[in-house]
Amino acid sequence: MITAAKYFKEKFGHKMYKAAISLDVTCPNRDGKVGKGGCAFCSAGGSGEFASSCVLPVREQIDDAIARLSRKVPSDTGYIAYFQSFTSTYCDPEYLRISLNEAMDHPKVEALSVATRPDCLPEEILDVLEEAAGRMPLYVELGLQTCDDVIADSFGRGYKTHVYDEAVAALRSRGINVITHIIFGLPGEDKDMMLRSVKHAVEQGTDGLKFTCLYILKNTRYEKLYEDGQIEVLDQQEYFDIVEEALKNVPEDTVIHRLTGDGPKSLLIAPMWTADKRQVINYINRRFKNLI
Ligand code: SF4
């Protein structure tokens with residue numbers, strides 16, 4: 001495995017930070033095309049709580065994000081325009097093309113990252129992504145979460161794992177870098193099942209991985225189940241024990257983009273250890289100092 005920090009430093013010659021952007025899109029798992037109400041853990045913001053408002057032009061959203069980050073990051077930092085909220089390719093291909101071009105025209109943007117669902121990559125969208133990837137490094141982030149279709153059905157993912165497999169193959173055949181999101185701690189999964197999802201993504205050829213523990217957020221279907229004591233979350237030690245096992249099975253050239261995420265504090269119900277970012281970073285640095 002290689003850490004994202006090391007990978008970006010080697011590829012771009014400096015640190016890279018993400019400038020989060022929202023497009024005017026929703027998600028087929030929310031608007032009724034595939035499902036209603038979204039995945040059981042997904043908040044109304046569609047995982048884009050750190051992005052700016054989609055009513056602003058892409059360029060302004062990038063400016064806003066860079067202004068927010070600039071006090072914290074070195075002056076020679078490069079930026080990845082991160083199309084984060086909901087399903088960024090669930091839109092008209094021309095709208096996506098214009099939005100990606102606007103991001104690539106920003107003088108501080110050196111790469112693009114597009115978060116989406118594997119079932120929202122028709123040929124015309126793949127053409128747009130391939131065109132953009134010809135101009136600038138492009139990462140497509142796919143929310144697999146688990147390779148187990150029964151578990152995926154239980155939280156309402158709305159597509160089968162073979163759709164993810166096909167999407168990875170289609171993206172890679174067009175020279176597009178794939179990052180796979182996996183959640184550890186989904187109800188009904190034991191450690192072996194979680195590790196199987198990592199193995200599955202690696203076998204399909206994912207270029208990178210992002211891990212996160214299951215968060216319980218306000219106004220999600222899991223909130224009620226959690227409050228009723230029907231589901232539990234992982235504690236810090238349990239979670240990172242699974243991460244450590246997972247990393248042992250990741251090939252040398254697979255990029256680890258995230259060992260854990262942090263949910264929006266205003267919505268977070270559990271696990272509360274994730275809210276103390278500094279503590280989590282210190283823990284990771286101590287525990288994984290030989291790995292990262
Ligand atoms: S696919 Fe993504 S945006 Fe859509 S409901 Fe699931 S987590 Fe939320």
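Before reading on, note that the structure itself is shown above.
First things first, this report covers the structure right here in the doc.

Considering the pairing of strand β6 (residues 177–184)
Where a strand is regular, its side chains alternate between the two sheet faces. Extensive coverage of β6 is indicated by the burial of eight of its eight residues. Alternating residues of β6 divide into Asn177, Ile179, His181 and Ile183 and Val178, Thr180, Ile182 and Phe184, and every residue in both groups is buried. In the sheet, strand β5 (residues 138–145) pairs with β6 via six bridges, with the strands oriented parallel. Within the sheet, the bridge partner assigned to Leu142 lies in β6 and is Thr180. Relative to strand β7 (residues 208–213), β6 is paired through six bridges, and the arrangement is parallel. In the strand pairing of β7, Phe184 is matched with Cys213. With helix α7 (residues 191–204) bridging β6 and its parallel neighbour β7, the resulting β-α-β unit is right-handed.

What to know about the packing of α7 against helix α9 (residues 236–248)
As a packed pair, α7 and α9 sit with axes 10 Å apart at the nearest point and diverge in direction by 40°. The pairing of α7 with α9 is recorded here as oblique in orientation. Our pair here, α7 against α9, has a crossing hand that is right-handed. Contact with α7, carried on its side by Lys191, Met194, Leu195 and Val198, involves Ile242, Glu245 and Ala246 of α9 and no other residues of that element. Of the residues contributing to the contact of α7 with α9, the split by class is five nonpolar, no polar and two charged.

A word on the nonpolar core
Counting 71 residues, the largest nonpolar core has Phe83, Leu100, Leu112, Leu129, Phe184, Phe211 and Phe240 as the members making the most contacts within it. The dominant element in this core, judged by the number of residues it contributes, is α9, at six residues. Non-local contacts of Phe184, meaning those with residues more than four positions away in its chain, are made with Met194, Val198, Phe211, Thr212, Cys213, Leu214, Leu234, Tyr239, Ile242, Val243 and Ala246. Counting residues in hydrophobic clusters, the runner-up holds 16 residues, among them Cys39, Ala40, Cys42 and Ala270.

The rules we used
- Residues numbered from 1 in each chain as written.
- Predicted model: local features only at pLDDT ≥ 70, side-chain atom pairs only at ≥ 80, totals over all residues.
- Heavy atoms only, no water.
- Buried < 20%, exposed > 50% of the residue type's maximum accessible area, 1.4 Å probe, protein only.
- Helix = DSSP H or I, 4+ residues; strand = E, 2+ residues; numbered from the N terminus.
- Pairing = 2+ DSSP bridges.
- Right-handed = clockwise from strand over helix to strand, strands pointing away.
- Axes fitted to C-alpha atoms, helices over the stretch in contact; angles between N-to-C directions.
- Parallel < 35°, antiparallel > 145°, perpendicular 65-115°, else oblique.
- Left-handed = near helix turned anticlockwise from the far one by under 90°.
- Contact = heavy atoms within 4.5 Å.
- Nonpolar A, V, L, I, M, F, W, Y, C, P; charged D, E, K, R; others polar.
- Core = buried A, V, L, I, M, F, W, Y, C linked by side-chain atoms within 4.5 Å.

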